[in-house]
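So you can see what is in the structure, the chains are spelled out below.
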Amino acid sequence: MLALVCSGRAVQTEPLQVQPNKWLFEVPPNVQHFAIFFTQCPPPGYGAAIYHQSDTTDWSLLGCLTAERPSAIYKLSAGFDHVTRVGIDIEPVLNLNMS
């Protein structure tokens, strides 16, 4: 349903499912930007909240994807020298923070 690509890297198309509506991608070290996108439309009325976490921080909301906005590019605050994580939470659009 989702894919992630980092500059100069292959597209990741198989996130790890950690709960029925939650998935996880690992971002390689020293990546400052990544793009994430739907590979198929989300269920009607649903979207994806996109989160980021490094080893030293809590999860932080980066933004949201919807059928109307099916892709986004995000800049991480720093190029981390270790693997970080991008979390995806599929939930009703009404619950997404769209600001």
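Every chain is numbered on its own, with residues counted from 1 as its sequence reads. Local features in this predicted model are restricted to residues of pLDDT 70 or higher, and side-chain atom pairs are both shown and tallied only at a pLDDT of 80 or more, whereas totals for entire chains, interfaces and linings draw on every residue. Each side-chain value is worked out from all heavy atoms of the structure, with water and hydrogens disregarded.

Asks: Would you mind showing me how to read the packing of aromatic side chains here?
Replies: Aromatic rings in a pair are described by how distant their centres are and how their planes are angled relative to each other. Here is the rule: rings of Phe, Tyr and Trp (six-membered ring for Trp) pair when centre to centre is within 6.5 Å. Planes less than 30 degrees apart are stacked, more than 60 are edge-to-face, and the remainder are tilted. Taken as a whole and assessed by the stated rule, the structure comprises one aromatic pair. When the centroid spacing of 5.6 Å and the interplanar angle of 45 degrees are considered together, the rings of Phe 34 and Tyr 74 count as tilted. Linking Phe 34 in strand 4 (residues 33–38) with Tyr 74 in strand 7 (residues 71–75), this pair joins segments that are 40 residues apart in sequence. Of the two residues, Phe 34 and Tyr 74, both sit in the buried class. Note on conventions: DSSP H or I runs of at least 4 residues are helices, E runs of at least 2 residues are strands, and numbering of each starts at the N terminus. Burial classes follow relative accessibility: with a 1.4 Å probe on protein chains only, a residue under 20% of its type's maximum area counts as buried, one over 50% as exposed, and anything between as partly exposed.

Asks: Just to check I follow, could you spell out the sheet that holds strand 5 (residues 46–53) for this structure?
Replies: Paired through backbone hydrogen bonds, the strands of a sheet run either parallel or antiparallel to each other. Overall, antiparallel pairing links the five strands, which are arranged 2-3-8-5-6 in an open sheet. Edge strands, defined here as strands with exactly one partner in the open sheet, are strand 2 (16–19) and strand 6 (60–65). On average, each strand axis in the sheet is tilted by 30 degrees relative to the strand beside it, whichever way the strands run. A strand pair is defined by DSSP finding two or more bridges across the two strands. With six bridges joining them, strand 3 (residues 22–27) and strand 8 (residues 84–92) adopt antiparallel strand pairing. When the sheet's bridge partners are listed, Leu 24 is paired in strand 8 with Gly 87. Each axis is a line fitted through C-alpha atoms, and for a helix only the stretch in contact is used; angles between axes span 0 to 180 degrees, taken between their N-to-C directions.

Asks: It is not clear to me how the pattern of salt bridges should be interpreted in this structure. Could you clarify?
Replies: Should the charged atoms of two oppositely charged side chains come close, the side chains can pair. Any Lys or Arg side-chain nitrogen located within 4 Å of an Asp or Glu carboxyl oxygen qualifies as a salt bridge. Evaluated as defined, the whole model comprises one salt bridge. Asp 89 is paired through a salt bridge with Lys 22; the nearest N and O atoms lie 3.1 Å apart. With Asp 89 in strand 8 and Lys 22 in strand 3, this residue pair connects regions lying 67 residues apart in the sequence. Its relative accessible area of 11% is what places Asp 89 among the buried residues. Accessibility expressed as a relative area gives 26% for Lys 22, which makes it partly exposed.

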